[in-house]
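# What the coordinates show
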Amino acid sequence: MSIEFTDVSDTLRRIVITGRLDVPGTDAISTRFAALAASSEHRIVVDLSGVEFLASMGIRALVINAKAQQQRGGRLVLFVGQNDAVGKVLDATGIPQMIPVFHELADAERGALA
Amino acid sequence: MNWPTPSVARSPDDDTLVLDALGAAMADATRWLHARSAAQAVPADAVTRLDQCLDEALANIAAHGGSSALPVTLNFTVNAIGSRCEAALVISDHGAAFDPLAITPRPQAGSLEALQPGGLGITLMRHFADRLHYRRAHPCNHLTVVVAWAETA
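Figured I'd write up the structure that's included with this text.

Scanning chain B from N- to C-terminus turns up three helices and six strands. Starting at the N terminus and ending at the C terminus, chain B contains elements arranged as β-β-α-α-β-β-α-β-β. Compactness check: chain B gives a C-alpha radius of gyration of 16 Å against a globular reference of 15 Å for 153 residues, within 12% of the reference. Overall size of chain B, expressed as C-alpha extent along the three principal axes, is 50 × 35 × 35 Å. For chain B, buried positions account for 45% of its 153 residues. Contacts in chain B between residues at least 24 apart in sequence constitute 59% of all its contacts with a sequence separation of at least 6. In the form shown here, chain B has an accessible surface area of approximately 7500 Å², with 54% of it arising from carbon and sulfur atoms.

What follows is the structure, given as structure tokens:
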């Protein structure tokens, strides 16, 4: 389980999560994820393309941080690339209707800055 | 994938695993499920669906039963009827009676503002399992997750 970030610009941050976002995996990254996603200067792209497994606990962390960004006037979007396993889980819960999900990184970055 | 050595799990037989803790120990259950599935040639898509349901079920037990639900016993069987195969995963815990299937899935929120974090585990189990069954006996909760697939020649 790992979480890294890149400040793509002064206004855009990409957070890359890899591994299993199950109960233990979410516990392992949740504090750092919240700190990285709490930026008031940056819109946020969360890169889930390297996530092997996404459980409801992982979705819960995504929702909490997306709502926190929105309450600050910011925006958090998800990039899944060609990760069908993660895409299916998100689709099953209706998350894409509330947190934008993108398959292309450039689209995700534009979506975050929109 | 490298998994840690089990420290809180016991295997009375290959198809049964007993968990004496939850939390980080759930990795033991995941590793066991993947090993048993590989031994019985369960296809990858079915393993993914079983994995999803197992994680959600154990998260529910941890949230609603806590340590009083321990130990948690997992049993895994695969059956074939003609070209149709089924894997059944039975998850048994000693917690207070709790039927996850009696919980009505929360309706989808229409917006991020209205979306409440959590409560999606049941939705995911219902989506990824072909059948779910709950019973209370001895005095344990027994949740059965069935995932089916068609065997290809």
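Turning our eyes to something else, we now look at the layout of surface pockets. The calculated volume of the largest pocket comes to roughly 380 Å³. Taken together, 19 residues make up the lining of the largest pocket; nearest its centre are Asn60, Gly118, Gly119, Leu120 and Gly121 of chain B. Elements with a contribution of two residues or more to the lining of the largest pocket: helix H2 (56–71) of chain A together with helix H2 (44–64) and helix H3 (121–128) of chain B. Top contributing element to the lining of the largest pocket by residue count: H2 of chain B, with six residues. A class-by-class count of the residues in the lining of the largest pocket yields nine nonpolar, seven polar and three charged.

Residues and elements named next belong to chain B. Spatial ordering of the open sheet is given by E1-E2-E3-E4-E6-E5, a layout of six strands whose pairing is antiparallel. Of all the strands in the sheet, just strand E1 (9–13) and strand E5 (131–137) have a single pairing partner and so form its edges. Here the average twist between neighbouring strands, direction ignored, is 20°. Pairing geometry for E5 and strand E6 (residues 140–150), over seven bridges, is antiparallel. Among the inter-strand pairings, Arg131 is bridged to a residue of E6, identified as Val146. Docked against the sheet, helix H1 (residues 26–39) engages E1, strand E2 (16–19), strand E3 (72–81) and strand E4 (84–93), running at close to 20° with respect to E3.

Residue and element names in this part refer to chain B. Of note, the amide linkage connecting Leu70 to Pro71 takes the cis form, showing an omega dihedral of -5°. With respect to the helices, strands and loops of the structure, Pro71 is situated in the loop between H2 and E3. Even without being a glycine, Ala41 presents a positive backbone phi close to 55°. Here Ala41 is to be found in the loop between H1 and H2. Overall, the relative accessible area of 63% leaves Ala41 in the exposed class. Unlike most non-glycine residues, His138 shows phi in positive territory, near 75°. Counting through the fold element by element, His138 comes out in the loop between E5 and E6.

Turning our attention to helix H1 (residues 23–37) of chain A. Residue and element names in this part refer to chain A. The terminal C-alpha atoms of H1, which comprises 15 residues, lie 20 Å apart, in line with the 21 Å expected from a rise of 1.5 Å per residue. Most pronounced at Ser30, the bend in H1 amounts to some 45°. All of the buried residues along H1 are Val23, Pro24, Gly25, Thr26, Ile29, Phe33, Leu36 and Ala37. Where H1 begins, the capping side chain belongs to Asp22, and its oxygen is found 2.9 Å from the backbone nitrogen of Gly25.

The next subject is the interface of chain B and chain A. Opposite the 29 residues of chain B that make contact, chain A presents 25 residues. For the pair chain B and chain A, the two sides together bury roughly 2200 Å², of which 67% comes from carbon and sulfur. Taken together, the links from chain B to chain A amount to one salt bridge. The partner of Asp51 of chain B in a salt bridge is Arg20 of chain A, with the nearest N and O atoms 2.9 Å apart. Run the count over chain B and chain A and you get six residue pairs in polar contact (both at pLDDT 80 or more). Broken down by secondary-structure element, the contributors of at least two residues to the side of chain B that touches chain A are H1, H2 and H3 of chain B. Here the side of chain B that touches chain A gets six residues from one element, more than from any other, and that element is H2 of chain B.

Here is what the cut-offs are and how they apply
Residues numbered from 1 in each chain as written. Chains lettered and ligands numbered in written order. Predicted model: local features only at pLDDT ≥ 70, side-chain atom pairs only at ≥ 80, totals over all residues. Heavy atoms only, no water. Helix = DSSP H or I, 4+ residues; strand = E, 2+ residues; numbered from the N terminus. Rg over C-alpha atoms; globule rule 2.2 N^0.38 Å. Buried < 20%, exposed > 50% of the residue type's maximum accessible area, 1.4 Å probe, protein only. Contact = heavy atoms within 4.5 Å. Areas by Shrake-Rupley, 256 points an atom, 1.4 Å probe, with all protein chains shown as cover. 1 Å grid on protein atoms, 1.4 Å probe; cavity = no way out; pocket = protein on both sides within 12 Å on 5 of 7 lines; lining within 4 Å. Points joined across faces, edges and corners; volume = space filled by probe spheres on them. Nonpolar A, V, L, I, M, F, W, Y, C, P; charged D, E, K, R; others polar. Pairing = 2+ DSSP bridges. Axes fitted to C-alpha atoms, helices over the stretch in contact; angles between N-to-C directions. Expected span 1.5 Å × (residues − 1). Bend = angle between axes of the 7 residues up to and from the residue. Polar contact = N/O pair within 3.5 Å; in protein donor to acceptor, adjacent residues only side chain to side chain. Buried area = accessible area lost by both parts, 1.4 Å probe. Salt bridge = Lys/Arg side-chain N within 4 Å of Asp/Glu carboxyl O.

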